[in-house]
Protein chains: 2
Amino acid sequence: MNFLEERIVKDGIVKHGNVLKVDSFLNHQMDIALMEEIGREFKRRFGNKTVTKVLTIEASGIAIAAFVAKEFGVPMVFAKKSKSINIDGEMYVAEVESFTHKNKNTVIVSKKFLHEGEHVLIIDDFLANGCALQGLISITESAGAIVEGCGIVIEKGFQYGGRAIRNMGYHVESLAIIDAMDAESGTITFRQQEQDA
Amino acid sequence: MNFLEERIVKDGIVKHGNVLKVDSFLNHQMDIALMEEIGREFKRRFGNKTVTKVLTIEASGIAIAAFVAKEFGVPMVFAKKSKSINIDGEMYVAEVESFTHKNKNTVIVSKKFLHEGEHVLIIDDFLANGCALQGLISITESAGAIVEGCGIVIEKGFQYGGRAIRNMGYHVESLAIIDAMDAESGTITFRQQEQDA
């Protein structure tokens with residue numbers, strides 16, 4: 001197991017309905033040393049790519065993406081989930097359905113902050129059905145920018161998002177891919193990845 | 001002018017309705033080197049306090065709070081704006097009105113992540129009418145934790161939030177306090193603070 005899988009086993013809680021609670025270290029309370037380690041690991045995995053911008057989506061992707069952007073020495077942009085009066089002018093828009101919240105969000109990025117020819121590394125905390133990631137890919141490509149890769153902290157490998165996005169040819173790196181979890185026993189089965197070999 | 005005031009003058013845009021757009025470096029696209037500098041500056045200003053946790057509110061406070069928490073070597077918790085099925089159990093709740101979005105939000109923090117006797121540094125990007133900050137203070141004190149201070153990146157000094165919260169005895173440090181802005185000329189008047197002297 002890598003550092004993240006070890007942490008998930010230690011502090012993650014499996015709930016019914018295929019919910020994995022990692023709110024003690026990843027998406028409500030945040031372990032900053034872990035965020036830094038995640039940043040370094042994505043730099044290692046995508047270090048051979050040209051990256052000029054890191055893109056994520058509010059809210060729980062923000063801290064992770066910030067530490068990834070720090071490693072690459074580039075700005076971070078986070079997509080917003082609703083129109084704010086503080087964002088004027090034209091923007092890129094995608095519709096995103098949330099697995100967690102069971103609703104649809106309009107996701108927006110100002111055209112000022114994504115440009116043609118930019119090299120974008122997309123970062124998010126979870127990949128399940130892939131809707132959020134597809135929205136960020138769509139926004140990036142609407143801008144004429146290049147998706148250099150997608151860095152995911154935890155992928156639910158038993159849902160179809162990761163496979164669908166890899167099948168479209170995108171380079172997706174997930175620090176932990178969960179193939180199965182059992183709420184009764186609390187066991188989590190991780191997919192063996194080449195990175196760990 | 002300090003580093004933040006200089007950046008606001010350089011890249012901030014004053015809009016009608018007392019709106020200051022800092023979305024090119026603070027709350028949509030983020031300049032990570034600036035976030036790090038903000039983290040170090042809050043460490044300098046609150047370094048004589050005992051801080052065991054940094055608390056902020058989603059979304060644009062998250063990256064700032066993460067770099068502050070890194071400086072103090074403590075966890076960061078961000079309050080969430082709506083009930084998620086991923087947060088179960090009991091939680092601290094406050095009602096917060098948003099100046100920007102013209103709506104009310106229920107703000108929640110899981111009781112698992114704020115405890116009696118903890119020393120909390122509250123961080124946010126903006127302070128205007130003070131509702132968000134009051135909500136975070138209320139949540140902290142509901143937990144029996146101690147508000148060691150409030151670190152704000154940009155305070156709108158012509159609104160009443162900062163004065164009200166200081167009058168209640170809280171230690172508020174704002175890296176930039178704007179006493180006036182003029183959309184026609186684009187000028188911004190900062191309050192002279194002792195920190196700059």
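Residues numbered from 1 in each chain as written. Chains lettered and ligands numbered in written order. Predicted model: local features only at pLDDT ≥ 70, side-chain atom pairs only at ≥ 80, totals over all residues. Heavy atoms only, no water.

Colleague: Can you help me understand the packing of helix α2 (residues 32-46) of chain B against helix α3 (residues 61-72) of chain B in this one?
Modeller: Packed helices, taken two at a time, are described by their axes: the angle between them and the distance between them. All names here are of chain B. Running from N to C, α2 and α3 point in directions that differ by 50°, and their axes come no closer than 8 Å. When the axes of α2 and α3 are compared, the pair comes out oblique. For the element pair α2 and α3, the recorded crossing hand is right-handed. Mapping the contact onto sequence places Ile32, Met35, Glu36, Ile38, Gly39, Arg40, Phe42, Lys43 and Phe46 in α2 and Ala63, Ile64, Phe67, Val68, Glu71 and Phe72 in α3. Tallied by class, residues from the contact of α2 with α3 come to 10 nonpolar, 1 polar and 4 charged. (Axes fitted to C-alpha atoms, helices over the stretch in contact; angles between N-to-C directions. Helix = DSSP H or I, 4+ residues; strand = E, 2+ residues; numbered from the N terminus. Parallel < 35°, antiparallel > 145°, perpendicular 65-115°, else oblique. Left-handed = near helix turned anticlockwise from the far one by under 90°. Contact = heavy atoms within 4.5 Å. Nonpolar A, V, L, I, M, F, W, Y, C, P; charged D, E, K, R; others polar.)

Colleague: Honestly, helix α4 (residues 131-142) of chain A in this entry has me stumped. Any pointers?
Modeller: With 12 residues, α4(A) extends 16 Å between its outermost C-alpha atoms, agreeing within 8% with the 16 Å of an ideal straight helix rising 1.5 Å per residue. Burial in α4(A) covers these residues: Cys131(A), Leu133(A), Gly135(A), Leu136(A), Ile137(A), Ile139(A) and Thr140(A). (Expected span 1.5 Å × (residues − 1). Buried < 20%, exposed > 50% of the residue type's maximum accessible area, 1.4 Å probe, protein only.)

Colleague: I keep staring at the packing of helix α1 (residues 3-11) of chain A against helix α2 (residues 32-46) of chain A and nothing clicks. Help me out?
Modeller: All names here are of chain A. Between α1 and α2, the least distance of the axes is 11 Å, while the angle of their chain directions is 145°. Contact residues: α1 offers Phe3, Leu4 and Arg7, while α2 offers Leu34, Glu37, Ile38 and Glu41. A class-by-class count of the residues in the contact of α1 with α2 yields 4 nonpolar, no polar and 3 charged.

Colleague: Just checking my understanding: could you explain the layout of surface pockets for this structure?
Modeller: In this approach the atoms are scanned with a rolling probe the size of a water molecule, which exposes any empty space left behind. Residues and elements named next belong to chain A. By volume, the second largest pocket amounts to about 160 Å³. Residue lining of the second largest pocket: Glu155, Gly157, Gln159, Tyr160, Gly162, Arg163, Arg166, Ile177, Arg191 and Gln193, and that is the complete set. The element best represented in the lining of the second largest pocket is helix α5 (residues 161-167), accounting for 3 residues. For the lining of the second largest pocket, the residue count by class is 2 nonpolar, 4 polar and 4 charged. (1 Å grid on protein atoms, 1.4 Å probe; cavity = no way out; pocket = protein on both sides within 12 Å on 5 of 7 lines; lining within 4 Å. Points joined across faces, edges and corners; volume = space filled by probe spheres on them.)

Colleague: For this particular structure, what's the right way to read the sheet that holds strand β8 (residues 119-127) of chain A?
Modeller: Within a beta sheet, neighbouring strands are joined by backbone hydrogen bonds and run either parallel or antiparallel to one another. Read across the open sheet, the 7 strands follow the order β11(A)-β10(A)-β9(A)-β8(A)-β4(A)-β5(A)-β3(B); overall the sheet is mixed. Looking at which strands have only one partner, the edges of the open sheet turn out to be β11 (187-190) of chain A together with β3 (29-30) of chain B. Looking at chain direction, strand β5 (residues 76-79) of chain A and β3(B) are connected through 2 bridges and run antiparallel. Within β3(B), the residue paired with Val77(A) across the bridge is Gln29(B). Seen against the sheet, helix α3 (residues 61-72) of chain A touches β4 (53-57), β5, β8 and β9 (146-156) of chain A and runs at an angle of roughly 175° to β4(A). (Pairing = 2+ DSSP bridges.)

Colleague: Would you take a moment to explain the environment of Val153(A) for this structure?
Modeller: Residues and elements named next belong to chain A. In this structure, Val153 sits in strand β9. Since its relative accessible area comes to 0%, Val153 is described here as buried. Sequence separation between Val153 and Ser174 is 21 residues, and the spatial gap between their C-alpha atoms is 5.5 Å. Ignoring any residue separated from it by four or fewer positions in sequence, one finds Val153 in contact with Leu4, Leu26, Ile38, Phe42, Ile64, Asp124, Asp125, Ser174, Leu175 and Ala176.

Colleague: Explain the pattern of salt bridges to me, please; I cannot follow it from the model alone.
Modeller: Pairing between side chains of opposite charge can happen when their charged atoms approach one another. Residues and elements named next belong to chain A. According to the stated counting rule, one finds 26 salt bridges over all chains in the structure shown. As a salt-bridge pair, Arg7 and Asp31 come within 2.7 Å of each other at their nearest N and O atoms. Note that Arg7 is positioned in helix α1 and Asp31 in the loop between β3 (29-30) and α2, a separation of 24 residues in sequence. Connected through shared salt-bridge partners, Arg7, Lys10, Asp11 and Asp31 make up one network. (Salt bridge = Lys/Arg side-chain N within 4 Å of Asp/Glu carboxyl O.)

Colleague: I tried to follow the nonpolar core on my own but got confused; where do I start?
Modeller: Soluble globular proteins: nonpolar side chains tend toward being buried together. Formed by 81 residues in total, the largest nonpolar core has its most connected members in Leu4(A), Ile38(A), Met76(A), Leu4(B), Ile38(B), Met76(B) and Ile154(B). Apart from the residues within four sequence positions on either side, Leu4(B) is in contact with Leu34(B), Ile38(B), Val153(B), Ile154(B), Leu175(B) and Ala176(B). (Core = buried A, V, L, I, M, F, W, Y, C linked by side-chain atoms within 4.5 Å.)

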